[in-house]
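# Inside the fold
Next come the chains, spelled out residue by residue.
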Amino acid sequence: MNSKPFPVRGVVFDLDGTIVDSEENYFQADVRILARRGATLTREHKARFIGYGNRYIMERFIGEFGLPDTPERLLEEKNEEYLALARENTVVFPEMRALIEALSSRGVPMAVASGSSPVVISEILRMTRLHPYFSAAVSSEDVPNGKPEPDVFLEAARRIGASPEETLVVEDAVYGVMAAKRAGMRCAVIPTLPEPPLNPALLEADYVVAGGMPGFRAADLLRWMDGQ
């Protein structure tokens, strides 16, 4: 990991699996919408899509399961299911909340860049009372291409007035790391799937928490940002 200090003019966070523990809720939402159509989704199948935008996942489901729906219809239904689950149980990772609060106290502009739909991002930030900390929120549906392309991170950095080389991305998934590096940004990754051996693409990040969220400490990342 690079310990050389660099100017941080903005931090862009992924949302799902990074700020909030949402993967199970999203899995259950997918299970429900597919079950209505006579299809079964396994955890192994779902794991292939971690880090992709939800619209893209719906397109893949239509192709793989031979569904008659449009991506828009499936996505609308999935968002409804997900938010119903999220309102009952959405957990913010405590160390991630601590990081966000610390960055805010330093006056660092922050944004969210996520594969979730805009309405979902807005509702989750509101429910978790994190919305005051973020100057911008960008969905993959707001840009031409989702992760692993860099569009969502570049747009998020633009909205908070940070150049790519002065932006740190905080991620949990392979496609997010790829997108951050393609954007010319530094990246810290706390893998959702930390089982060894780690995917080599995760090791392209500048800061890697090999043990995943249980091993993440906000203070450690802040010290790394300061070159300590």
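This text goes with the structure placed above it.
Computed from a predicted structure; not experimentally measured. (Residues numbered from 1 in each chain as written. Predicted model: local features only at pLDDT ≥ 70, side-chain atom pairs only at ≥ 80, totals over all residues. Heavy atoms only, no water.)

### What about the overall build of the chain?
Across its full length, the chain holds 9 helices and 6 strands. Its C-alpha atoms give the chain a radius of gyration of 17 Å, within 12% of the compact-globule value 17 Å for 228 residues. Projected onto its principal axes, the C-alpha positions of the chain cover 55 × 35 × 30 Å. Counting all 228 residues of the chain, 54% fall into the buried class. A total accessible area of about 10,000 Å² is found for the chain, and carbon and sulfur atoms account for 50% of it. Distance between charge centres in the chain, computed from 25 positive and 33 negative side chains, equals 2 Å. (Helix = DSSP H or I, 4+ residues; strand = E, 2+ residues; numbered from the N terminus. Rg over C-alpha atoms; globule rule 2.2 N^0.38 Å. Buried < 20%, exposed > 50% of the residue type's maximum accessible area, 1.4 Å probe, protein only. Areas by Shrake-Rupley, 256 points an atom, 1.4 Å probe, with all protein chains shown as cover. Lys, Arg positive; Asp, Glu negative; His and termini not counted. Charge placed at Lys NZ, Arg CZ, Asp CG, Glu CD.)

### A few points about the nonpolar core
Among the nonpolar cores identified, the biggest contains 42 residues, and Val11, Phe13, Ile19, Met96, Leu99, Leu103 and Phe134 are the most heavily contacted of them. Contributions of two or more residues to this core are made by β1 (10–13), α1 (23–35), α4 (71–88), α5 (94–105), β2 (110–114), α6 (118–127), β4 (167–171) and α9 (218–225). In this structure valine 11 touches Leu103, Val108, Pro109, Met110, Ala111, Ile160, Leu168 and Val170, once residues within four positions along its chain are discounted. The next biggest cluster of nonpolar side chains, apart from the first, holds 40 residues, and it includes Leu34, Leu41, Ile57 and Leu202. (Core = buried A, V, L, I, M, F, W, Y, C linked by side-chain atoms within 4.5 Å. Contact = heavy atoms within 4.5 Å.)

### What about the pairing of β4?
When you tally the buried positions in β4, you get 5 out of 5 residues, the bulk of the element. Covered by surrounding structure in β4 are Thr167, Val169 and Glu171 together with Leu168 and Val170, the residues of both alternating faces. As defined by bridge partners, β1 adjoins β4 across 4 bridges and the pair is classed as parallel. Opposite glycine 10, over in β4, you have threonine 167 as the bridge partner. (Pairing = 2+ DSSP bridges.)

### Observations regarding unusual backbone geometry
Here the bond from lysine 147 into proline 148 is cis, since omega is 15°, no more than 30 degrees from zero. Residue position: proline 148 is located in the loop between β3 (136–139) and α7 (151–159). Residues proline 196 and proline 197 are joined by a peptide bond in cis, for which omega reads -5°. Looking at where proline 197 falls in the secondary structure, it is placed in the loop between β5 (186–189) and β6 (207–208). Positive phi, normally seen in glycine, also occurs at arginine 129, with a value near 60°. As for its placement among the helices and strands, arginine 129 is situated in the loop between α6 and β3.

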